[in-house]
Amino acid sequence: MKFLAKNILKQSRNAKFKCVSQHFSTVVKNKPEKCPAAKLDLQEEWNRAKPFYTVPGPTRLQMLRGFMKGGDFYNKNFDKVMLMCRERFGDIYLMPGMFGQNTNLITFNPEDFEKIFRTVGPYPERPGSEVITDYRKGRKDDLYKGNLGATGSGPEWVKFRNTVNPVLMHPKNVAHYMDPTVELMQEFIARIRRIRDPASQEVPADFITDIIALSFESVALVALDKTLGFLRHDVVNAESRAIFENLKCFNRAFYDLGVKPSLYKYIKTPTYRNFEKSMDTLTNLCAKYVNETMKELKKKDGDITQGRSVLQQLFKIDPKTAVIMSVDTLFAGVDSETAALSGILLSMACNPDKQEKLRKEVLSRIGKTEKFTTENMKNMPYLRACIKESMRIYPILFGNMRATGADVSLSGYQIPKGTSVFLASHMLLLEDKYCPRAKEYIPERWLRSPGADSDRPDTESLMPSNPFLFFPFGFGARSCIGKRVVSLQMEIILASLVRNFKVEYRYPTENAFKNYFTNFCVIPLKFKFIDL
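Analysis parameters
- Residues numbered from 1 in each chain as written.
- Predicted model: local features only at pLDDT ≥ 70, side-chain atom pairs only at ≥ 80, totals over all residues.
- Heavy atoms only, no water.
- 1 Å grid on protein atoms, 1.4 Å probe; cavity = no way out; pocket = protein on both sides within 12 Å on 5 of 7 lines; lining within 4 Å.
- Points joined across faces, edges and corners; volume = space filled by probe spheres on them.
- Helix = DSSP H or I, 4+ residues; strand = E, 2+ residues; numbered from the N terminus.
- Phe/Tyr/Trp six-rings, centres within 6.5 Å; stacked < 30°, edge-to-face > 60°.
- Buried < 20%, exposed > 50% of the residue type's maximum accessible area, 1.4 Å probe, protein only.
- Lys NZ or Arg CZ within 6 Å of the ring centre and 35° of its normal.
- Contact = heavy atoms within 4.5 Å.
- Polar contact = N/O pair within 3.5 Å; in protein donor to acceptor, adjacent residues only side chain to side chain.

A. View of empty space enclosed by the protein. For the coordinates displayed, the defined rule picks out six cavities of 30 Å³ or more. Reported here for the largest cavity is a volume of approximately 960 Å³. Forming the boundary of the largest cavity are 46 residues, of which R126, A332, G333, S336 and C480 lie nearest the centre. Residue assignment for the lining of the largest cavity shows that the elements contributing at least two residues are α7 (154-168), α10 (208-223), α12 (248-258), α15 (319-349), β3 (400-403) and α20 (483-498). Here the element with the most residues in the lining of the largest cavity is α15; it accounts for nine residues.

Have a look at this one:
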């Protein structure tokens, strides 16, 4: 009876939000009168809610002082600042913008997450990348004229996504990167064996630089249609190294120029000048590499119209879009994949029983030396569960970002349309209230059913309490364009490692990551790689 009542309530709730979704969907464009109940519910909630100006939060002066030397927020990671404000103001608060920056609403309420995602409208906006948009609009050439890429908005952004989505999301195009990723992993495994200590089998403490190199090369396969020799430590040309080095500026800029008080919108501060210089270098070199790659392919094959790579297909559609997508892929991909792979390796090394269970799946489905194929990678549920659980414990981002697509009531407050909102969803996944046994690494929670495996826990009881808590690649139309390629690459990387090595880590893992929008691993990664 309890189960039946629970399902009736769930169906009723889903029906209500389905109606809201149809009215405000990013896909289905319905007229308001087709869903009057949803419109009425939202209006009634709005009427009952408290005014926007009553949302708690620090004042502009408190924000300014807080980020100054000696202030509460000085030299603090973004997630720490968010948690400090949560302790003071509750689960919803405003961080006022200064000097032309956005005022950001922060919410830790899962009910708000769902309502925001359901009401984003046909042109969902993702705040947080205004500094990139400002740079692109200010470039002297016309590269971004009429096409701001992934940071754009409105019909212009929809046109861009409609161009790149069919190419990047097509299964055949994703499979194109299987063999090149396997070759990269062979180089990475060879490098591990070359750099580890012969006695202890441990890699050096700065192994994060090798993970960055692997991520960079994996992303370059898609963005530039080539590898650049960082894993082999070939003689890497100065231009390739410039791309590698300038990407380091990108992640921190979101925080320094987007959240912390900055005058960059009025004057070019030193921080913005460094960012602008890095963006110029990255954009110009990407454009050069894309054009060189296309010339080489045309010279080699005589025709690039039959190309199977993402870059070749996009170049055929529109050369400018190919360049912009190349830049966006590098920007979004390297830091994200580095964070994900660091967390995956830590999770495996610190949970030997889970690692062994995964190894058995890999060896039974693929084998010790057999080639990875589309077919033998299909039925790998535990591999995918391990990656998913790692990204829960060590998320790439603190959560998601959206601008409200309608006047909507959030946590009992009237939040106007167009308000920039940071949804701290992934931070909640480390709290038992929202995710049972949150600090434990339990890949089994993501498996569909216990089946006959008696050592498997009840997966339903371990799932996050709200389906809108966990979106490692974003949600809806604004989700990560390259998520399918990235997922495939991470699966090959992890499967390759566990079938070649037993991975151990014997050091503390507290405060392993710092967060500046994207997480970055800051502890010495002295993994022990023991040959199998």
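Picking up where we left off.
B. Up close: the packing of aromatic side chains. Scanning all chains against the criterion turns up 26 aromatic pairs. Between F78 and F398, the aromatic rings sit 5.2 Å apart at their centres with planes inclined by 80 degrees, giving edge-to-face as the arrangement. With F78 in helix α4 (residues 78-89) and F398 in the loop between α17 (381-393) and β3, this pair connects stretches of sequence that are 320 residues apart. F398 gets classed as buried once you look at its relative accessible area, which sits at 2%. Measuring from centroid to centroid gives 5.9 Å for F188 and F207, while their planes differ by 35 degrees, and the two rings are tilted. Here the residue F188 occupies a position in helix α9 (residues 178-195), and F207 occupies one in the loop between α9 and α10, the gap between them amounting to 19 residues. With respect to class, F188 is no different from F207; both count as buried. Taken together, the ring pairs connect F188, F207, F501, Y505, Y507, F527 and F529 into an aromatic cluster. Here the guanidinium or amino end of K260 rests over the ring plane of Y255, the centre of that ring lying 5.8 Å away.

C. Quick look at the environment of Y505. In this fold, Y505 is placed in the loop between β7 (501-504) and β8 (513-516). In this structure, the C-alpha to C-alpha distance between Y505 and F529, residues 24 residues apart in sequence, is 9.2 Å. Not counting residues within four places of it along the chain, the set of residues in contact with Y505 comprises L346, A349, C350, I523, P524, L525, K526 and F527. Of note is the side chain of Y505, whose polar atom sits 2.5 Å from the backbone oxygen of P524.

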